[in-house]
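Inside the fold
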Amino acid sequence: MSMHQPASQPSPNPGYGAAPAPAYGSAGSAPAPQKKSKGPKVLMILGGIILLLSIIIGTVLTVMGVGSAAGSVNDIEELPGGSGTVTAEAGDMLQLYAPAGSTGVTCDVVTPDGSAPGPGTNQSSTTTFDGVEWVSFASFEATTAGEYQISCDSPQVAVGPPVSLGGIFGAIGGILLGIFGGILGFLLLLAGLIWWLVARKKD
C-alpha cells in the first residue's frame, strides 16, 4: 500500500533572502539641508560701512578745507592808495596782491626795526574779494613782530597770507573721497543684496 507525503507548505516568514530594510541615511533618504552662505550679509555690511564712512569723513575734510582756505582769504587787507601798515608776528609769511592784469607793480617794505624783510615764498596765490580777482606778485617773511610799513607805486594793492593750499587740497580730497568712496560702498552693498536675493530664490 503506497503512502503519499503531504506537500510542503510555504513558510509565512521568508527569513533568509528577504530584501533588507533601507538603512537610515541611505540613497533613498532626504538630503541634509545645506548651510546658507554668509557672503551676502558680509558684503552688504562692508558696503554699508564704506558708504557711511566715506560720506562722514569726506564731509568733515571738505568743511575743514573750505574753512581753512576761507580763513586765509579773510586775512587779506587792501591798502588804501597802495600804502599802509600791517601787523605781523615773527615768521609770518605775507604776500602782496594786485588786481588781475596789473603789471610792473613794485613795493617797498620797511620792518619795525628798519631792516630788510626775509625772503618770501614762491607760491602764487589767486583769490577774489569785493568782486575783484587779486593775484600775488611779491612775497616776504616777517623777521620781527610789529608793524610793517608798505609803500607801492600802484593805488590798488592788498597784503595778506598766501591762500591755503592745504585747505584747498583738503576740500578737494574730501569731495573725491565722498564721491568715489560712496560709489564703492554703494556697489558693494548692491552686489550683496543681489547675491542674497538670488540665493533666496534658489532656496
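Per chain, the residues get numbers from 1 upward, laid out in the order the sequence is written. Reporting of local features is limited, given that this is a predicted model, to residues whose pLDDT is at least 70; pairs of side-chain atoms are given and counted only at 80 or more, and all residues count toward the totals for whole chains, interfaces and linings. As a rule here, side-chain values come from all non-hydrogen atoms in the structure, and water together with hydrogens is ignored.

1. Describing the sheet that holds strand S8 (residues 146-152)
Hydrogen bonds between backbone atoms are what pair the strands of a sheet, whose relative direction is either parallel or antiparallel. The condition that has to hold: In this analysis, strands are considered paired if DSSP registers two or more bridges between them. Think of it this way: any DSSP run of H or I at least four residues long counts as a helix, any run of E at least two long counts as a strand, and we number them from the N terminus. Axes here mean lines fitted to C-alpha atoms, for a helix over just the part in contact, with angles spanning 0 to 180 degrees between N-to-C directions.
Reading across from one edge, S2-S8-S4 is the order of the 3 strands in this open sheet, with antiparallel pairing throughout. For this open sheet the edge positions go to strand S2 (83-88) and strand S4 (107-110), each flanked by a neighbour on one side alone. Direction aside, the axes of adjacent strands within the sheet are offset by 25 degrees on average. The pairing of S2 with S8 spans 6 bridges and is antiparallel. When the bridges of S8 are listed, Thr87 appears paired with Glu147.

2. Notes on the packing of aromatic side chains
One pair of aromatic rings is described through two measures. These are the centre distance and the angle between the planes. Here is the rule we go by: Each Phe, Tyr or Trp ring, with Trp reduced to its six-membered ring, pairs with another whose centre is within 6.5 Å; inter-plane angles below 30 degrees give stacked pairs, above 60 give edge-to-face pairs, and intermediate values give tilted ones. Each residue is assigned to one of three classes by its accessible area relative to the maximum for its type, calculated with a 1.4 Å probe on protein chains only: buried under 20%, partly exposed between the two thresholds, exposed over 50%.
With the rule as written, the count across this model stands at 1 aromatic pair. Here the aromatic rings of Phe140 and Tyr148 are separated by 6.0 Å at their centres, their planes lie at 35 degrees, and the arrangement is tilted. The class of Phe140 is buried, set by a relative accessible area of 4%. Tyr148 gets classed as buried once you look at its relative accessible area, which sits at 0%.

3. A closer look at the environment of Ile175
Applicable threshold: Contacts are assigned to residue pairs that have any heavy atoms within 4.5 Å of one another.
Relative to the assigned elements, Ile175 resides in helix H2 (residues 165-202). In this structure the C-alpha to C-alpha distance between Ile175 and Thr59, which are 116 residues apart in sequence, comes to 7.2 Å. Discounting chain neighbours no more than four positions away, the residues touching Ile175 are Gly58 and Thr62.

4. Focus: the pairing of strand S9 (residues 156-160)
For S9, a buried count of 4 out of 5 residues is recorded, marking the element as mostly surrounded by other parts of the structure. Two strands pair when backbone bridges link them, and strand S1 (residues 77-80) and S9 are joined in this way by 4 bridges, in the antiparallel orientation. Bridge pairing links Leu79 to Val157 in S9. With 3 bridges joining them, strand S3 (residues 93-99) and S9 adopt antiparallel strand pairing. Bridged to Leu96 within S9 is Val159.

From the geometry alone we can't say anything about function, so treat these as descriptive.
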